[in-house]
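Next come the chains, spelled out residue by residue.
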Amino acid sequence: GGRNLSLDSIPMGLPMSDPTAWTTAMNNLGMAPMGMTGQPLLPDFDPALGMMTGIPPINPMMPGLGIVPPPIPPDMPAVKEIIHCKSCTLFPPNPHLPPPATRERPPGCKTVFVGGLPENGTEQIIMEVFEQCGEVIAIRKSKKNFCHIRFAEEFMVDKALYLSGYRIRLGSSTDKKDTGRLHVDFAQARDDLYEWECKQRMLAREERHRRRLEEERFRPPSPPPVVHYSDHECSVVAEKLKDDTKFLEAIQTLLTWIERGEVNRRTANNFYSMIQSANSHIRRLVNEKAAHEKEMEEAKEKFKLALSGILVQFEQIVAVYHSASKQKAWDHFTKAQRKNISVWCKQAEEIRNIHNDELMGIRREEEMEMSDEEIEDPSEMKETEESALVSQVEALKEENDSLRWQLDAYRNEVELLKQEQGKASRDEDTTREQQMKLLQQALQGMQKHLLKVQDEYKKREAELEKVREDKLKIETLLENLKEQESSTSRVCACSQEKECPVEKTLSNSPVKSEREVLLVGIISTFLHVHPFGASIEYICSYLQRLDSKICTAEVEVLMTRLQNTFRQELSGVGASLEKRWKFCGFDGLKMT
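The rules behind each value
- Sequence order as written defines the numbering, with residues in each chain counted from 1.
- For this predicted model, a pLDDT threshold of at least 70 governs which residues receive local features, and a threshold of 80 or more governs which side-chain atom pairs are given and counted, while totals over whole chains, interfaces and linings are taken from all residues.
- To get the side-chain values, all heavy atoms of the structure are used, and hydrogens and water are removed first.
- In this text, helices come from DSSP runs of H or I with a minimum length of four residues, and strands from runs of E with a minimum of two, each type numbered from the N-terminal end.
- Here's how the labels work: a residue is buried when its accessible area is under 20% of the maximum for its type, exposed when over 50%, partly exposed in between, all with a 1.4 Å probe on protein chains only.
- In this description, contact between two residues means that some pair of their heavy atoms is separated by no more than 4.5 Å.
- The protein chains shown are the only cover counted for residues, whose accessible areas, like all others here, come from Shrake-Rupley with a 1.4 Å probe.
- As a rule, the C-alpha atoms of each element are fitted with a line to give its axis, helices using only the stretch in contact, and angles between N-to-C directions run from 0 to 180 degrees.
- Any angle that is under 35 degrees is reported as roughly parallel, and any over 145 degrees as roughly antiparallel; angles of 65 to 115 degrees are reported as roughly perpendicular and all others as oblique.
- Take the far helix as the reference: if the near one is turned anticlockwise from it by less than a right angle, the crossing is left-handed, and if turned clockwise, right-handed.
- Side-chain classes are defined by residue name, with Ala, Val, Leu, Ile, Met, Phe, Trp, Tyr, Cys and Pro counting as nonpolar, Asp, Glu, Lys and Arg as charged, and the others, Gly among them, as polar.
- Centres within 6.5 Å make a pair out of two Phe, Tyr or Trp rings, where for Trp the six-membered ring is used; the pair is then stacked when the planes are under 30 degrees apart, edge-to-face when over 60, and tilted otherwise.
- Distance and angle both matter: a charge sits over a ring if NZ of Lys or CZ of Arg is within 6 Å of the ring centre and within 35 degrees of the ring normal.
- Patch definition: residues with relative accessible area over 30% and no salt bridge; like charges joined within 9 Å; nonpolar side chains (Val, Leu, Ile, Met, Phe, Trp, Tyr) joined within 5 Å.
- A pair is scored as a salt bridge if a Lys or Arg side-chain nitrogen falls within 4 Å of a carboxyl oxygen belonging to Asp or Glu.
- A pair of strands is considered paired only if DSSP assigns at least 2 bridges between the two.
- Nonpolar core, defined: a set of buried Ala, Val, Leu, Ile, Met, Phe, Trp, Tyr and Cys residues in which side-chain atoms within 4.5 Å join the residues together.
- By this rule, a helix spans an expected 1.5 Å times one less than how many residues it contains.
- Taken from the helix axis, the directions to the C-beta atoms give the arc we talk about.
- UniProt positions are given in the numbering used here, feature names are shortened, and annotations may be inferred rather than shown by experiment.
- Of the two site types, the cavity is a set of points on a 1 Å grid over the protein atoms alone where a 1.4 Å probe fits but cannot get out, and the pocket is an open set with protein on both sides within 12 Å along at least five of seven lines, each lined by residues with an atom within 4 Å of a point.
- Grid points are joined across faces, edges and corners, and a volume is the space filled by probe spheres set on the points.
- pLDDT runs from 0 to 100 and stands for how confident the predictor is about each residue.

Going by what an unreviewed UniProt entry lists, the protein is known as ENOX2 protein and is assigned to Burhinus bistriatus.

Time to look at the overall build of the protein. If you tally the helices and strands in the protein, you get 17 helices and 10 strands. Expressed as a percentage of its 592 residues, the buried residues of the protein come to 29%. Excluding contacts between residues fewer than 6 apart, the proportion of contacts in the protein whose partners are at least 24 apart in sequence is 63%. For the protein, the computed accessible surface area is about 39800 Å², with 55% contributed by carbon and sulfur atoms.

Contact geometry for helix 6 (residues 247-260) and helix 7 (residues 268-279): axes closest at 11 Å, N-to-C directions at 140°. Classified by the angle their axes make, helix 6 and helix 7 are oblique. Helix 7 is crossed by helix 6, and the crossing has left-handed handedness. In this structure, helix 6 uses Phe247, Ile251, Leu254, Trp257 and Ile258 to contact helix 7, whose residues at the interface are Phe271, Met274, Ile275 and Ala278. Residues belonging to the contact of helix 6 with helix 7 are distributed by class as follows: nine nonpolar, no polar and no charged.

Let us look at the packing of aromatic side chains. Across all of its chains, the model carries seven aromatic pairs by this definition. Both rings, one in Tyr229 and one in Trp257, keep their centres 5.1 Å apart while their planes meet at 85°; by these two values the pair is edge-to-face. One end of the pair, Tyr229, is in the loop between helix 4 (190-218) and helix 5 (231-242); the other, Trp257, is in helix 6, with 28 residues separating them in the sequence. The same class applies to Tyr229 and to Trp257, which are both buried. Through a chain of ring-to-ring contacts, three or more aromatic side chains come together here, namely Tyr229, Trp257 and Phe271. One Lys or Arg, Lys80, reaches over the ring of Tyr162 and ends 5.1 Å from the middle of that ring. The ring of Phe247 has Arg284 sitting right over it, with the charged end atom 5.8 Å from the ring centre.

So, about a nonpolar patch on the surface. A contiguous nonpolar surface patch, about 230 Å² in accessible area, is contributed by Ile258, Val263 and Ile275. Its place among the elements puts Ile258 in helix 6.

Strand order in the open sheet made by the four strands is 4-5-3-8, with antiparallel pairing throughout. Each end of this open sheet is capped by a strand with a single partner; those strands are strand 4 (136-141) and strand 8 (183-186). Across the sheet, the mean angle from the axis of one strand to that of its neighbour is 20°, orientation sign disregarded. In this structure, strand 3 (residues 111-115) lies alongside strand 8, joined through four bridges in antiparallel fashion.

Two elements in contact, helix 14 (residues 514-528) and helix 15 (residues 536-546), have axes whose closest approach is 11 Å; the angle formed by their N-to-C orientations is 125°. Regarding the angle of helix 14 to helix 15, the classification is oblique. Where helix 14 crosses over helix 15, the two elements pack in a sense that is right-handed. Taken together, the residues of helix 15 that come into contact with helix 14 (itself represented by Leu519, Ile522, Ile523, Phe526 and Leu527) are Tyr538, Ile539, Tyr542, Leu543 and Leu546. Among the residues making up the contact of helix 14 with helix 15, the classes are represented as 10 nonpolar, no polar and no charged.

Judged by nonpolar contacts, the single largest core of 31 residues is most densely connected at Val114, Phe130, Ile149, Phe151 and Leu163. Looking at this core, the elements that each hand over two or more residues are strand 2 (88-91), strand 3, helix 2 (123-130), strand 4, strand 5 (146-151), helix 3 (155-161), strand 6 (167-170) and strand 8. Once residues within four sequence positions are removed from consideration, Phe151 is found in contact with Lys110, Val112, Phe130, Cys133, Gly134, Glu135, Val136, Ile137, Met156, Val157 and Ala160. Residues Leu527, Ile539, Cys540 and Trp581 belong to the second largest nonpolar core, which totals 18 residues.

Further remarks concern helix 7. With 12 residues, helix 7 extends 16 Å from end C-alpha to end C-alpha; this agrees with the ideal 16 Å at 1.5 Å per step. Buried within helix 7 we find Phe271, Met274, Ser277 and Ala278. Mapping the buried residues of helix 7 onto a view down its axis gives an arc of 115°, with all of them on the same face. Residues Asn269 and Tyr272 are exposed on helix 7 and point more than 90 degrees away from its buried face. Residues of helix 7 that are buried make contact with helix 5, helix 6 and helix 8 (281-324).

So, on to the sheet that holds strand 2. With antiparallel pairing, four strands are arranged side by side in an open sheet as 1-2-6-7. Pairing within the sheet leaves two strands with one partner each, and these edge strands are strand 1 (83-84) and strand 7 (179-181). For strand 2 and strand 6, the ladder comprises four bridges, and the chain directions are antiparallel. Across the sheet, Leu90 pairs through a bridge with Ile168, a residue of strand 6.

As recorded in UniProt, the sites labelled "coiled-coil region" (unreviewed entry) are residues 275-302 and 393-487. Between the end C-alpha atoms of residues 275-302 there is a gap of 41 Å, over a span that is 96% helix and 0% strand.

What follows concerns helix 14. In this model, helix 14 (15 residues) spans 21 Å end to end at C-alpha, consistent with the 21 Å of a helix rising 1.5 Å per residue. All of the buried residues along helix 14 are Glu516, Leu519, Val520, Gly521, Ile523, Ser524, Thr525, Phe526 and Leu527.

Right, let's get into empty space enclosed by the protein. A full pass over the atoms with the stated rule returns three cavities of 30 Å³ or more. The computed volume of the largest cavity comes to approximately 50 Å³. Forming the walls of the largest cavity are Leu117, Pro118, Gly121, Ile125, Ile126, Val129, Phe130, Ile168, Leu170 and Leu182. When contributions to the lining of the largest cavity are tallied by element, the ones reaching two or more residues are helix 2 and strand 6.

We now examine the confidence of the model for the protein. Overall, the prediction assigns the protein a mean pLDDT of 78, with 79% of residues at 70 or greater. Between residues 28-33, whose pLDDT stays under 50, and residues either more than four places distant or in other chains, the model counts 29 contacts. For residues 499-506, every residue scores under 50 in pLDDT, and the model assigns this stretch four contacts once sequence neighbours within four places are set aside.

In C-alpha cells, the structure reads:
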C-alpha cells in the first residue's frame, strides 16, 4: 500500500509504493520538490541529483520555468518508482535500457503525443494518469492506441515526458489488451504555435514600448515655442538683445520672426533696430575670441618653456651617460653596471629625440603662422630669408664639423679597443665585443646623420643661390625703374622749354606730379614680384608703410588712369570673387 500526498490547489495525490516518488520525479526533472503552498517536500533536497535519462535539460528561457538545473554527473542513475493510480498502475522501465528517443521540441509546445496505450484504455484513465502533471485542456484519442494531450502550460509537458517508458496495467488484469508501454513525445500543434507567436509578438511590443520609454527618458527636452510677434514682444526682445546673458535667446526669436515673414513696412524700423542691436555684439564676440586666443597662446608658451626645460634636463642626463661611457670611468664598472648604463643611455636618447622633434614641430607651426600673418616688403623678406638661410648653413656647417670630430673620436676609441682586445682577459672578451657592436652601431648612426646633414646643406645652398638670383632680378628691376624715372624727368624738363600749347597737351598726361611718378614706380615693382596680381587693399597696406598719408582712393584713381601700365582683372568664383591689379607695362609699351 502507498500513501497519498494531498496538495492544496489541484488534486495531485499520487498513491505510490514509496512516499517520495513524486519528489523523485521532480528531482529527475531538475526542479526542487515544492508543494503548492510553497513548502519544500524534502528539506534535505540535493540539487546536484541527475535528471531522468532521455529528457533534455530544462531551458531557463522556457515560459513557466524560472530555474537553471545544476550540472548532473553522467554516472548518477535516475531512480523511478512504481506509481499507483485508482484505475491503473505504472511500472518504471528498466534503468539499464537506453533512454526513449524524443523529437526536437517545437516552440511553445504544450501538446504531447502519448503512444503505447492499452486497447481498453479510456479517456478517463488517461486523464487520471496525466492530470497529475498539470491542468489538461484537451485529449484527442485515436482508435490505434495513441492520443494527443494538450496542457495549460509548457512546463507541464516536461512532467509528462517523465512518464515515457513506463509500463501501464489496468487494475490487476494481466490481459494483453489491458497492458501497454507508454511513449511520450513532443507534438507539433498549430494552436501551440499560434499562441507562442502571439506571445512573442506581445513580448516584442513590450520591448519596443520599453525602448521607446527609454529613448524618451534620455531625449533632450524640446525648446520652448517662440512667441508671436507683437509690439510688446518686440520691445522685450530688443531689451534682451542689449543684454549679453539673454542675447542667444533673443537672437533665436528674431531669426524665427524674420523667417515667418513678420517684416513689413509697419515693422521694418523695429526689425532694423533689433538687427542693429545684434550687430553691436560683433565687437564683443571678436574681443572674446581675441581673449581666448591670447589664453591659448599663453598656454602654448608655457608648454613650450616647460618642454624646453625638460629637454635641457634630458641633455644633462645624456651627457652624464656619455661621460660615464668614456674609458676613464668605464673600466671601473662591472659588466652588469656597464650593461645597465648603455641601456639607460639608449632609452634617454630615444626619449630626448622624441621630445626634441615635438618641440621643433611646435616651432615650425609658429613659424608658419608668422609667415601667414605677416606681410613684409618683398626685398626685406628676401634679405631676411637670405640671412636665415646663411645662418642655417653656418649652423649646419658647425654641426657637420662637430659630427666629424665625434666620428674621429669614436674611430680612435675603436682602434684603442682593438689594441687592448688581445691583452684583455677572456671574461672581458664578451663585453668588448658588445662595446664594439655598440660603437659600430653608433658609427653607422653618425654616418647616416652626417649624410642627412650634407643633403640638407646642399638643399640650403641651392635655396641660397635661388634667393641670390631673385635679389639680382629685383636689383635690375630697380635700376630699370630708376632709368624710367630719369627719362620721365628729362621729358618734363624738355616740356618746360616748349610753348604753351605743348604744356596744355602735357597737362593732360595721366601722371601729374613727381609723387605720382614715384608711386607708379613703387607699385610697378610691387606688382612685378606678384605675377598673379594683388588687391587694392594689399597694395595700399604696403604703400602706407612707406607713407601713412596715402589713401586707397588716390592709388585706385592713379592706377585707373594708367591703363597701359596696370590692368584690373576679376579672379575667383561666386562668393570668392575678387578684383586684382596686375602689371602690364611691358605689353603696354609695345602697344604705345
